[in-house]
Amino acid sequence: MWESESESHAGERGLVPVGGSSGRHEGLKNDGFVRRDHSWYVNSDIPSDLLVKVGDVSFHLHKYPMISRSGRMNRVICETASVAAAADPDTAAAVGLDDVPGGADSFELAARFCYGMAVDLTAANISGLRCAAEYLEMTEDLEEGNLIFKTEAFLSYVVLSSWRDSIVVLKSCEGLSPWAENLQIVRRCSESIAWKACANPRGVRWAYTGAGATTGGRPPRATGTAGAGGTASPRWNLGGGGGDSKESSPGRQAVPPADWWFEDVSVLRIDHFVRVVTAIKVKGMRFDLIGAAITHYASKWLPGLTKDGPLGGALDEPWAQASPGGAGLHMIIAGGGGRDDVAASAPAREQRMVVESLISIIPPQRDSVSCGFLLRLLRLAIMLKAAPALVTELEKRVGMQLEQAALADLLVPSYGRADTAYDVDLGQRLVEHFLVQEQTAELASSSPGRGEPAAAAPEYYGARTAAAAGLNAKARVARLLDSYLSEVSRDRNLSLTKFQVLAESLPESARTCDDGLYRAVDSYLKAHPTLTEHERKRLCRVMDCQKLSFDACMHAAQNERLPLRVVVQVLFSEQVKISNALAGSSGSGGGAAALGKAPDAAPPTRRQLLDGTPQSFQDGWAAAKKDINTLKFELESVKAKYLELQHEMDALQKQVERGGAPSPAAGAGAKAGGTGKSQGPSAWSSGWRKLGRLAKMTGADAAGPDGHVAGAPGEAPRKPRRWRNSIS
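What counts, and where the lines are drawn
- Residues numbered from 1 in each chain as written.
- Predicted model: local features only at pLDDT ≥ 70, side-chain atom pairs only at ≥ 80, totals over all residues.
- Heavy atoms only, no water.
- UniProt positions renumbered as here; feature names shortened; annotations may be inferred.
- Helix = DSSP H or I, 4+ residues; strand = E, 2+ residues; numbered from the N terminus.
- Buried < 20%, exposed > 50% of the residue type's maximum accessible area, 1.4 Å probe, protein only.
- Contact = heavy atoms within 4.5 Å.
- Areas by Shrake-Rupley, 256 points an atom, 1.4 Å probe, with all protein chains shown as cover.
- Salt bridge = Lys/Arg side-chain N within 4 Å of Asp/Glu carboxyl O.
- Pairing = 2+ DSSP bridges.
- Core = buried A, V, L, I, M, F, W, Y, C linked by side-chain atoms within 4.5 Å.
- Axes fitted to C-alpha atoms, helices over the stretch in contact; angles between N-to-C directions.
- Parallel < 35°, antiparallel > 145°, perpendicular 65-115°, else oblique.
- Nonpolar A, V, L, I, M, F, W, Y, C, P; charged D, E, K, R; others polar.
- Disulfide = S-S within 2.5 Å.
- pLDDT = per-residue confidence, 0-100.
- Polar contact = N/O pair within 3.5 Å; in protein donor to acceptor, adjacent residues only side chain to side chain.

The chain carries the name NPH3 domain-containing protein in an unreviewed UniProt entry, which gives Panicum virgatum as its organism. Note on the chain: under the UniProt heading Sequence similarities (unreviewed entry), the record states "Belongs to the NPH3 family." Database annotation for the chain, UniProt heading Pathway (unreviewed entry): "Protein modification; protein ubiquitination."

Asks: Any chance you could explain the overall build of the chain here in plain terms?
Replies: Summing up its helical and strand segments, the chain has 31 helices and nine strands in all. Expressed as a percentage of the 728 residues in the chain, the buried residues total 44%. Contacts in the chain between residues at least 24 apart in sequence constitute 70% of all its contacts with a sequence separation of at least 6. Total accessible area computed for the chain in this model is approximately 37500 Å², and 54% of it derives from carbon and sulfur atoms.

Asks: Is there a simple way to think about the pattern of salt bridges in this case?
Replies: Note that side chains of opposite charge can pair when their charged atoms are close. Per the stated rule, a full pass over the model turns up 24 salt bridges. Linking Glu181 and Arg275 is a salt bridge whose minimum nitrogen-to-oxygen distance equals 3.0 Å. Of the two residues, Glu181 is situated in helix α8 (residues 179-182) and Arg275 in helix α11 (residues 270-282); the sequence distance between them amounts to 94 residues. Between Asp271 and Arg269 there is a salt bridge; the shortest N-O distance is 2.7 Å. With a relative accessible area of 26%, Arg269 lands in the partly exposed category. Among the charged side chains, a network of salt bridges with common partners joins Arg130, Glu134, Glu152 and Arg188.

Asks: Would you mind showing me how to read the pairing of strand β6 (residues 93-96) here?
Replies: In summary, the side chains of a regular strand alternate between the two faces of the sheet. Burial along β6 is one-sided: the residues Ala93 and Val95 are buried and none of Ala94 and Gly96 is. Direction of pairing for strand β4 (residues 50-54) relative to β6: parallel, over a ladder of four bridges. Pairing of Lys53 across the sheet is with Gly96, part of β6.

Asks: Before we go on, may I ask you to explain the nonpolar core in this structure?
Replies: One broad rule of soluble globular proteins: the nonpolar side chains tend to lie buried together. In terms of nonpolar packing, the biggest core is built from 150 residues, with Val52, Leu61, Phe107, Trp261, Phe273, Leu358 and Leu402 touching the most fellow members. At nine residues, helix α17 (residues 371-383) tops the list of elements feeding residues into this core. Contacts of Leu61, omitting those with residues within four sequence positions, involve Phe33, Val42, Ser48, Asp49, Leu50, Val52, Met66, Phe107, Ala111 and Tyr115.

Asks: Can you help me understand the packing of helix α22 (residues 496-503) against helix α23 (residues 515-527) in this one?
Replies: The relative placement of two packed helices comes down to the angle between their axes together with the axis-to-axis distance. Direction vectors running N to C along α22 and α23 enclose 180°, while the axes themselves pass 12 Å from each other. The pairing of α22 with α23 is recorded here as roughly antiparallel in orientation. Of the residues in α23, those touching α22 at Leu496, Phe499 and Ala503 are Leu517, Ala520, Val521 and Tyr524. Considered class by class, the residues forming the contact of α22 with α23 number seven nonpolar, no polar and no charged.

Asks: I keep staring at the state of the cysteines and nothing clicks. Help me out?
Replies: Disulfides are covalent bonds that connect the sulfur atoms of two cysteines. Scanning the model with the defined rule gives zero disulfides in all. Cysteine Cys173 remains unbridged, with the sulfur of Cys189 as its closest cysteine sulfur at 5.8 Å.

Asks: Would you mind going over the pairing of β4 with me for this structure?
Replies: In terms of burial, β4 is largely enclosed, as four of its five residues are buried. Where β4 lies against strand β5 (residues 57-61), five bridges are found, and the strand directions are antiparallel. Paired with Val54 across the bridge in β5 is Val57. Taking the residues that link successive antiparallel strands as the turn, the β4-β5 hairpin has two residues, and the phi of Gly55 there is positive, at about 70°.

Asks: Mind showing me how you'd approach the confidence of the model for the chain here?
Replies: Any segment with low pLDDT has predicted coordinates that should not be analysed in fine detail. Averaged over the chain, the pLDDT score is 73; the fraction of residues at 70 or greater is 63%. When pLDDT is averaged over each helix and strand of the chain, the minimum, 31, is found for helix α13 (residues 318-322) and the maximum, 95, for α11. For residues 208-233, every residue scores under 50 in pLDDT, and the model assigns this stretch 48 contacts once sequence neighbours within four places are set aside. Predicted confidence is poor over residues 237-252, with pLDDT under 50, and the contacts of this stretch with residues over four places away or in other chains come to 31 contacts.

Asks: Hey, could you run me through the environment of Ser190 in this one?
Replies: Position of Ser190 among the secondary structure elements: in helix α9 (residues 185-198). By relative accessible area, which is 2% here, Ser190 ends up buried. If we ignore the near neighbours within four places in the chain, the residues touching Ser190 are Leu170, Arg275, Val276 and Ala279. Polar contacts involving the side chain of Ser190 include one to the main-chain carbonyl oxygen of Val186, which spans 2.7 Å.

Following this line, the structure appears as structure tokens:
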């Protein structure tokens, strides 16, 4: 359905004939070839003297027409003629040509040309006939206008100017290796397709073709893609005009969609598809369109990349039944063989070649393909045991876009000998690649080169220009990782170390709320009830109790699987948050609003939080609170006694400084009685007794290094010591 204007007009007058009668063959009268079973005969009055076997098909021909235009036949017939004449002169010479390119069909056309018959050149037979002409050495040295010249002219002037014919010829080259490669047929067709795909889309117009459509009374021409009857399909227009109205679809668009060429190139074999995509890259096609074309090709040849079906592919999809690669993969998955058998089977080898080829041609730019497509491709690559270097490269590509991943795509089963159901090591590597890419992007944006703006960064790593984008990406990856941990934690074979390393792989700044991490921890505790108290405490260290929401705190307070210390930390952190919220909102009168509650909803108290805890936790909390209150009462008693003794010590020190002056009580009595000498001895003895009691209670704090009490006679008086209260 893709054809040039010149081809469209040529098609109306029939296919292009080559050959014809030659004066050199006037003595040979023939009316064409006749096939009987597996043998071809020439309608001629002259008996055949040459038998050519191509595979299981025999051609009864004549020597002279063949040696006149084929150098190889001339040489082979001369070699076999002498042997046949020596054995039996009446026996026709027999030649075997099992390796002729294109097989019996191409040799038949070449033989017709040698006999001077009309040969119809089409896009379907031109590549095989061109290779057969090269094989038979039908050059200009034997005859002017030989088959090589005519097939080359048809390829250059007819096929390469038509989009449809280029696709058909490239498709027909699949069984002609290495002849088609050596004759540059594959390269020229690939470049022709790439040039047309990258050209101005206004050069493409839509033609109404299909099973029920006709043009000029003739049936629609064969195409490389099977389309539904009566559907609109594009046609290449070299002139760039709108085209004939009677050949155009009534609903055709002025400019075709950007993906108009996807369906046609997706019918090619993977090696030819790689050649076309490589040529398109060289010509500067947008990387997102190239990635979309690769995704479209993979959907046809790798059904496991879709989201429905056994490995994602749905068996009722039309392409899953029609595509050559579709049934193969489903057959592999349905089989009961081991992993080694799957990777070694023939369909698996074909699938592996497709996967490795697609990985190698994915554009290096970020977002050229979706992260989900990369993860599904990575799953197939691991399952089919693709090359380790390509798998590592694909893991790096996933790390570039990990924040776009979905949980279902990230849950890759363990296809090796791992004990866990999911490949947790792969998840760890993907997170590490993500962090490396983020760090590379930050360094590239913060340290630009000379003459480069701060946003300049390696295109391969998809550097972000804004720091906020990196923080948002880390937050999305943190949420994805928490969900991933919740799923893999249900596996009883998942070790605590792997869980802890994966949970702590992201920096603390990536999570503003640890609710998802708490769910993962609780799920792990539920799946591993035999953990010791030390292991449970170690597990709970991966989350921060201060980052839990109110609902998570309420759940944790009633969670008997958590250690008691963690429950107390959760309750304390929630109480602190409530107190801070109330203190911060007291000035504005919006305490309830600051807590995110309704104005008429009172904030929960510690008593309400404790009421929701289990009875065992309540008993432990009550006993601890009683002990704390007892210690506080005893501490207050000690402080009061301490202050009393300190006051008496100050009074006694003042008496010592005045040189035997009476105590305050004695002084008052002296003023009343009139004498004070009789009170001196009793005051001194009373003071020293109090000082002794002070030494007994305070111990080493009231005694010097030599065991004497500070302030004793014979020592220099010191400044009164002030005792510091170190207990709040």
